Amino acid sequence: MRQNQAESRRQSVAKRSMTREAKQLAGLIAGLRESLEGIHKERASAKLSSAQMGMLDERRNNLLLTIAALDDRLSAVQGLIDLGRPHVIRIH
């Protein structure tokens, strides 16, 4: 019986932790998307040299890759929560 209670407690803690992580990831993704919009506006509004355009394009590509990776992580976290299989990642 105590083992079941301990396991339930661990599951509850893990679910809270993963829910918090999902909220943080969603916020981070939203912030990065705003930065991406800023890059699009900057690229469209001003006369830029080709070097400046290249730098903005590189920043945009890096942001897109980061957003995609964070979206994947968010999807995985939400999937584990939905399946009822949350876990706490232990860092040693």
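Just so we're clear, the structure is a prediction, and the values are computed from it rather than from any experiment. Numbers given to residues run from 1 along each chain, matching the order in which its sequence is written. Owing to the predicted nature of the model, reporting of local features is limited to residues with pLDDT of at least 70; listing and counting of side-chain atom pairs is limited to 80 or more, with chain, interface and lining totals taken over all residues. By convention in this description, side-chain values take in all heavy atoms of the structure and omit both hydrogens and water.

Peer 1: Would you take a moment to explain the overall build of the protein chain for this structure?
Peer 2: A count of helical and extended segments in the protein chain gives 2 helices and 0 strands. Its C-alpha atoms give the protein chain principal-axis dimensions of roughly 70 × 25 × 20 Å. We call a residue buried when its accessible area falls under 20% of the maximum for its residue type, exposed when it is over 50%, and partly exposed in between, using a 1.4 Å probe and counting protein chains only. With 92 residues in all, the protein chain has 18% of them scored as buried. The long-range share in the protein chain, meaning contacts at least 24 apart out of those at least 6 apart in sequence, stands at 74%. Under the convention used here, a 1.4 Å probe and the Shrake-Rupley method define accessible areas, while residue burial counts only the protein chains that appear. Surface summary for the protein chain: the accessible area is close to 7100 Å², and the carbon and sulfur share equals 53%. Strands are runs of DSSP state E lasting at least 2 residues, helices are runs of H or I lasting at least 4, and numbering of each runs from the N terminus. Residue contacts follow a heavy-atom distance rule, with two residues in contact if any of their heavy atoms lie within 4.5 Å.

Peer 1: Explain helix α2 (residues 50-83) to me, please; I cannot follow it from the model alone.
Peer 2: Residues spaced three or four apart along an α-helix face the same direction, because each turn holds 3.6 residues. The first and last C-alpha atoms of α2 sit 49 Å apart over 34 residues, in line with the 50 Å expected at 1.5 Å per residue. If you check which residues of α2 are buried, you get Leu56, Asp57, Leu63, Ile67, Leu70, Leu74, Val77 and Ile81. Buried residues along α2 sit in contact with α1 (2-45). Of the residues flanking the end of α2, it is Gly84, one or two places downstream, whose phi is positive at about 75 degrees. By this rule, a helix spans an expected 1.5 Å times one less than how many residues it contains.

Peer 1: When you look at α1 in this model, what are you seeing that I'm missing?
Peer 2: The terminal C-alpha atoms of α1, which comprises 44 residues, lie 64 Å apart, in line with the 64 Å expected from a rise of 1.5 Å per residue. Buried residues belonging to α1 abut α2.

Peer 1: Could you clarify how one ought to interpret the packing of α1 against α2 in this entry?
Peer 2: To get an axis, fit a line to the C-alpha atoms, keeping to the stretch in contact for a helix; angles then go from 0 to 180 degrees between the N-to-C directions. Contact geometry for α1 and α2: axes closest at 9 Å, N-to-C directions at 160 degrees. Between α1 and α2, the interaxial angle falls into the category roughly antiparallel. The hand of the α1/α2 crossing is left-handed. For this classification, Asp, Glu, Lys and Arg are treated as charged, while Ala, Val, Leu, Ile, Met, Phe, Trp, Tyr, Cys and Pro are nonpolar and the rest, including Gly, are polar. Split by residue class, the contact of α1 with α2 holds 19 nonpolar, 4 polar and 10 charged. Convention used here: angles under 35 degrees read as roughly parallel, angles over 145 as roughly antiparallel, angles from 65 to 115 as roughly perpendicular, and any remaining angle as oblique. Take the far helix as the reference: if the near one is turned anticlockwise from it by less than a right angle, the crossing is left-handed, and if turned clockwise, right-handed.

Peer 1: Would you take a moment to explain the environment of Leu48 for this structure?
Peer 2: Here Leu48 shows up in the loop between α1 and α2. If near-sequence neighbours (up to four positions away) are discounted, Leu48 is found in contact with Glu42, Arg43, Met53 and Leu56.

Peer 1: Help me understand the environment of Gln11, please; the structure alone is not making it clear to me.
Peer 2: Along the chain, Gln11 falls in helix α1. A residue is classified by how much of its surface remains accessible, and Gln11, at 30% relative accessible area, is partly exposed. In this structure, the C-alpha to C-alpha distance between Gln11 and Leu25, residues 14 residues apart in sequence, is 21 Å. Ignoring any residue separated from it by four or fewer positions in sequence, one finds Gln11 in contact with Gly84 and Pro86.

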